[in-house]
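# Architecture and fold: a report
Single-letter residue listing:
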Amino acid sequence: MAEEFRGSYGVLVTPFTEGGKSVDVEALKRLLDWQIASDSPGVIMLGTTGEFLTISDDERRLIVETTVKHMAGRAKVLVGTMNAYTPNAVRYSAEAQELGADGLMILPPYYYTPTHDEIHGYYKAICAKVSIPIMVYNNPFTSRVDMPASLIGKLARDFEQIRYIKEASKEV
């Protein structure tokens, strides 16, 4: 696995047109240009502030495709591909890889309070379909589960794609 992510990556908002009727592609490009001008090593699209829960599949594809093409290798692009339904998370992850994302940021299935075995199965299903690096996102406030270091370690040992963590719990 060749990709290596270093530095601080902004988790970007998704700009919408007036009234929220569609993704504002030109505003998105300006936001990406500002990240480049600010010497950001990379961006994370479709995290919580990226409205991942409220966009259509077509909008998701537009955001990822626009971001990857506009960044054109000038900075890394990670994409949030989490979903409560594992087949959707797998599909979103494969699509992000197909569109040229450098990596993924993935929260465990949210809302259902999955067991550690269920979380392992979720990441296993995703890793079976993608080869790009994955940043596990531990955010018990949104996923309703706090992944302990032992689980994170097991995921990293079992799946070569899992190499990073975004830690958002109160426990450190």
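The structure this text deals with has already been given above.
What counts as what
Residues numbered from 1 in each chain as written. Predicted model: local features only at pLDDT ≥ 70, side-chain atom pairs only at ≥ 80, totals over all residues. Heavy atoms only, no water. Pairing = 2+ DSSP bridges. Helix = DSSP H or I, 4+ residues; strand = E, 2+ residues; numbered from the N terminus. Contact = heavy atoms within 4.5 Å. Axes fitted to C-alpha atoms, helices over the stretch in contact; angles between N-to-C directions. Core = buried A, V, L, I, M, F, W, Y, C linked by side-chain atoms within 4.5 Å. Buried < 20%, exposed > 50% of the residue type's maximum accessible area, 1.4 Å probe, protein only. Salt bridge = Lys/Arg side-chain N within 4 Å of Asp/Glu carboxyl O.

Attention shifts here to the sheet that holds strand β3 (residues 76-80). What the 6 strands build is an open sheet, ordered β1-β2-β3-β4-β5-β6; its pairing is parallel. Two strands close off the open sheet at either side, each with one partner strand: β1 (10-11) and β6 (162-167). Pairing analysis gives 5 bridges linking strand β5 (residues 134-138) to β6, with the strands arranged parallel. Each bridged residue has a counterpart across the sheet, and for Tyr-137 the counterpart in β6 is Lys-166. Where helix α2 (residues 57-71) meets the sheet, its contacts fall on β2 (42-45) and β3, and the angle it forms with β3 comes to roughly 170°.

Further remarks concern the nonpolar core. Met-82 and Tyr-123 are the most contacted members of the largest nonpolar core, which has 51 residues in total. In terms of residue count, helix α4 (residues 116-127) provides more of this core than any other element does, 5 residues in total. If near-sequence neighbours (up to four positions away) are discounted, Tyr-123 is found in contact with Ile-106, Leu-107, Pro-108, Val-136, Tyr-137, Met-147, Leu-155, Phe-159 and Ile-162.

Moving on, we come to the pattern of salt bridges. A complete count under the given rule lists 8 salt bridges for this structure. Linking Arg-91 and Asp-57 is a salt bridge whose minimum nitrogen-to-oxygen distance equals 2.9 Å. With a gap of 34 residues between them, Arg-91 in helix α3 (residues 86-98) and Asp-57 in helix α2 connect regions that are remote in the sequence. By relative accessible area, which is 33% here, Asp-57 ends up partly exposed. Here Lys-69 makes a salt bridge to Glu-65, at a shortest N to O gap of 3.8 Å. Of this pair, Lys-69 and Glu-65 both sit in helix α2, 4 residues apart, which is roughly one turn of that helix. Among the residues examined, Glu-65 registers a relative accessible area of 27% and is labelled partly exposed.

Just distances and angles here, no functional claims.
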